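Understanding the architecture of this molecule
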Amino acid sequence: MAVLIIDPAAEDELDRLYESDEDAAALIDALLEQLGDDEGTLGEIFRPGHFFRYRPPFEVKRFEEAQRRGKNIFTMRVRDEAGTLLPYRVLFAHHAQIDSYYVLSVASREDAYDPSKPGFLDLLVRYDEHGIPAYKY
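Heads up: these notes are all about the structure in this document. What you are looking at is a predicted structure, and each value in this text was computed from that prediction instead of being measured.

Each value, and the rule that gives it
Residues numbered from 1 in each chain as written. Predicted model: local features only at pLDDT ≥ 70, side-chain atom pairs only at ≥ 80, totals over all residues. Heavy atoms only, no water. Helix = DSSP H or I, 4+ residues; strand = E, 2+ residues; numbered from the N terminus. Rg over C-alpha atoms; globule rule 2.2 N^0.38 Å. Buried < 20%, exposed > 50% of the residue type's maximum accessible area, 1.4 Å probe, protein only. Contact = heavy atoms within 4.5 Å. Areas by Shrake-Rupley, 256 points an atom, 1.4 Å probe, with all protein chains shown as cover. Lys, Arg positive; Asp, Glu negative; His and termini not counted. Charge placed at Lys NZ, Arg CZ, Asp CG, Glu CD. Core = buried A, V, L, I, M, F, W, Y, C linked by side-chain atoms within 4.5 Å. Pairing = 2+ DSSP bridges. Axes fitted to C-alpha atoms, helices over the stretch in contact; angles between N-to-C directions.

Further remarks concern the overall build of the protein chain. In terms of regular secondary structure, the protein chain is built from 6 helices and 6 strands. Listing each helix as α and each strand as β along the protein chain from the N terminus yields β-α-α-α-β-β-α-β-β-β-α-α. Compactness check: the protein chain gives a C-alpha radius of gyration of 14 Å against a globular reference of 14 Å for 137 residues, within 12% of the reference. Along the first, second and third principal axes, the C-alpha atoms of the protein chain reach 40 × 35 × 25 Å. Burial statistics for the protein chain: of 137 residues in total, 45% are counted as buried. Contacts spanning at least 24 positions in sequence make up 48% of the contacts within the protein chain whose residues lie at least 6 apart. About 7200 Å² of surface is accessible on the protein chain, with carbon and sulfur atoms providing 49% of the total. A gap of 10 Å separates the mean positions of the 16 positive and 27 negative side-chain charges of the protein chain.

Shown next, in the form of structure tokens:
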């Protein structure tokens, strides 16, 4: 049975997003709440793909830089009701051995993918703090 766990730091990031972009924050918050209650979809989001029938619609992709570092991290790109991509990404990890998903960060698109930004190192630390195995390739 898949479960969704939101890291306290990611909750703080979402709270800060409410201050600057309430609509986007509410959409992301609603999506995470729905996913937490939807074991069927939650059990499949580790497979990159499009979830356009979901409301709000979203896409999942592997976070290639994190994957190269052995971290099982994915990005979630959320769309609004008009189908426009939000300028934020939900970064989550999958602990396959216990079928748990960890929302590690909610970041602006510009910062989410940049390994030179402090948020990237924070993401890796949060991953390790949850005891999610790293993989050697």
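What follows concerns the nonpolar core. Counting residues in each nonpolar core, the largest one holds 27 residues, and the members touching the most others are I28, I45, F58, M76 and V78. For this core, the secondary-structure elements that each account for two or more residues are helix 1 (8-20), helix 2 (22-37), strand 3 (58-62), strand 4 (73-79), strand 5 (85-95) and strand 6 (100-108). Here this core takes 7 residues from helix 2, the largest share from any one element. Each residue touching M76, except ones within four places of it in the same chain, is listed here: L31, L35, I45, F58, E59, Y88, R89, V90 and F92.

The pairing of strands in a sheet comes from backbone hydrogen bonds and takes either a parallel or an antiparallel form. Spatially, the 6 strands line up as an open sheet ordered 1-6-5-4-3-2, and their pairing is mixed. Here the strands that pair on one side only, and so sit at the sheet edges, are strand 1 (3-6) and strand 2 (49-51). Neighbour-to-neighbour, the strand axes of this sheet turn through a mean angle of 30°, independent of strand direction. Pairing of strand 2 with strand 3, which is carried by 3 bridges, proceeds in the antiparallel orientation. Residue pairing for strand 3: G49 is matched across the bridge by V60. Sheet contacts for helix 1: strand 1, strand 5 and strand 6; angle to strand 6, the most-contacted strand, approximately 35°. Contacting strand 1, strand 3, strand 4, strand 5 and strand 6, helix 2 runs over the sheet at an angle of about 30° to strand 5.

Purely geometric numbers; function is a separate question.
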